[in-house]
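Chain by chain, the residues:
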Amino acid sequence: MTQQYRAYLVGENGVFRSAEAFEAPSDSSALVFAKQFTRLGKVEVWQLGRKVAVLESEQSRPPRTKQSRPMLTRQ
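The rules behind these values
Residues numbered from 1 in each chain as written. Predicted model: local features only at pLDDT ≥ 70, side-chain atom pairs only at ≥ 80, totals over all residues. Heavy atoms only, no water. Helix = DSSP H or I, 4+ residues; strand = E, 2+ residues; numbered from the N terminus. Pairing = 2+ DSSP bridges. pLDDT = per-residue confidence, 0-100. Buried < 20%, exposed > 50% of the residue type's maximum accessible area, 1.4 Å probe, protein only. Contact = heavy atoms within 4.5 Å. Polar contact = N/O pair within 3.5 Å; in protein donor to acceptor, adjacent residues only side chain to side chain.

### Structural notes on the environment of Ser-18
Looking at where Ser-18 falls in the secondary structure, it is placed in strand β2 (residues 16-24). Distance in space between the C-alpha atoms of Ser-18 and Val-43 is 9.8 Å, their sequence separation being 25 residues.

### Side note on the pairing of β2
Bridge analysis of strand β1 (residues 3-10) against β2 gives eight bridges, and the strand direction is antiparallel. From the neighbouring strand, Leu-9 faces β2, where its bridge partner is Ser-18. Count of turn residues in the β1/β2 antiparallel hairpin: five residues, of which Gly-14 carries a positive phi of about 85°.

### Focus: the confidence of the model for the protein
Summing up the model confidence of the protein, the mean pLDDT is 86 and the portion of residues at 70 or higher is 79%. Taken element by element, the protein is modelled with least confidence in strand β5 (residues 72-74), mean pLDDT 49, and with most confidence in helix α1 (residues 27-34), mean pLDDT 98.

### Brief notes about unusual backbone geometry
Even without being glycine, Leu-48 reaches a positive phi, approximately 55°. Within the secondary structure layout, Leu-48 lies in the loop between β3 (42-47) and β4 (50-55). Judged by its relative accessible area of 67%, Leu-48 is exposed.

### With respect to the environment of Arg-39
Mapped onto the elements of the fold, Arg-39 is located in the loop between α1 and β3. Relative accessible area serves as the criterion here: at 46%, Arg-39 is assigned to the partly exposed category. Taking the C-alpha atoms as reference points, Arg-39 and Gln-59, separated by 20 residues in sequence, lie 6.8 Å from one another. Once you skip the residues sitting within four places of it in the chain, Arg-39 turns out to touch Glu-58 and Gln-59. A polar contact of 2.5 Å, which involves the side chain of Arg-39, links it to the backbone oxygen of Gln-36.

### A short note on the pairing of β3
Summarising the sheet, β1 and β3 pair through five bridges and their orientation is antiparallel. Its bridge partner being in β3, Tyr-8 is matched across the sheet by Glu-44. A loop of two residues connects β3 with β4, the two strands running antiparallel in sequence, and Leu-48 in this loop sits at a positive phi of about 55°.

Spelled out as structure tokens, the structure:
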């Protein structure tokens, strides 16, 4: 069964700039989908009224090495 999610693009001032509604079968699937938006900036992923995670902008991340993990803050 799929669940309703939204990926919010967060501006530098902390205000939501845009949102993308989508469905996913799980939180982990939703995060994989929402990760594509991090090239535009920081993204908050929500499932109804529950904040799932904050994904950092690709521009603010250091280059990844084989041992580094993606920056993800679960809340």
